[in-house]
Amino acid sequence: QEQLVESGGGLVQPGGSLRLSCAASGSMFSIYAMAWYRQAPGGQRELVAQITSGGSTKYADSVKGRFTISRDNAKKAVYLQMSSLKPEDTAVYYCNGGLFGDAWGQGTRVTVSS
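Rules used throughout
Residues numbered from 1 in each chain as written. Predicted model: local features only at pLDDT ≥ 70, side-chain atom pairs only at ≥ 80, totals over all residues. Heavy atoms only, no water. Disulfide = S-S within 2.5 Å. Helix = DSSP H or I, 4+ residues; strand = E, 2+ residues; numbered from the N terminus. Buried < 20%, exposed > 50% of the residue type's maximum accessible area, 1.4 Å probe, protein only. Polar contact = N/O pair within 3.5 Å; in protein donor to acceptor, adjacent residues only side chain to side chain. Contact = heavy atoms within 4.5 Å.

Novice: Just checking my understanding: could you explain the state of the cysteines for this structure?
Specialist: When the sulfur atoms of two cysteines share a covalent bond, that bond is a disulfide. Here the structure, examined in full by the defined rule, presents 1 disulfide. Between Cys22 and Cys95 runs a disulfide, and the two sulfur atoms are separated by 2.1 Å. Across the S-S bond linking Cys22 and Cys95, the dihedral sits near -85 degrees, which makes this disulfide left-handed. Taken together, the residues Cys22 in strand β3 (residues 18-24) and Cys95 in strand β9 (residues 91-97) connect sequence positions 73 residues apart. Residue Cys95 is classed as buried on the basis of its relative accessible area of 0%.

Novice: Could you clarify how one ought to interpret the side chain of Thr90 in this entry?
Specialist: Tracing the chain through its elements places Thr90 in the loop between β8 (77-82) and β9. Of note is the side chain of Thr90, whose polar atom sits 2.9 Å from the backbone oxygen of Pro87. Polar contacts involving the side chain of Thr90 include one to the main-chain amide nitrogen of Val112, which spans 2.9 Å. What Thr90 contacts, discounting residues up to four positions off in sequence, is Ala40, Pro41, Val110, Thr111 and Val112.

Here it is as structure tokens:
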């Protein structure tokens, strides 16, 4: 199973930007689709963005035009660039992937507040 570790979360003002990073350990990283999920306080975990092994991307309607998912297979990393952040983006963000989509990071907290 792939081991995933997120970083980059923190406190940011509305309208600000953050870039989240996810570092993977396995040599098979390049063949896996990867995704970012988030879980708001009191809410369910939801899919935010996904990227295939070929680089095709999809986004939740709530983040389209504001978030960008990308990957660097040489670095075994996936990123989530977030801009124009809103208070409703406040959540713990999780990296997800692996052969069966069952690998998860520990989460990194993003708080959007003035």
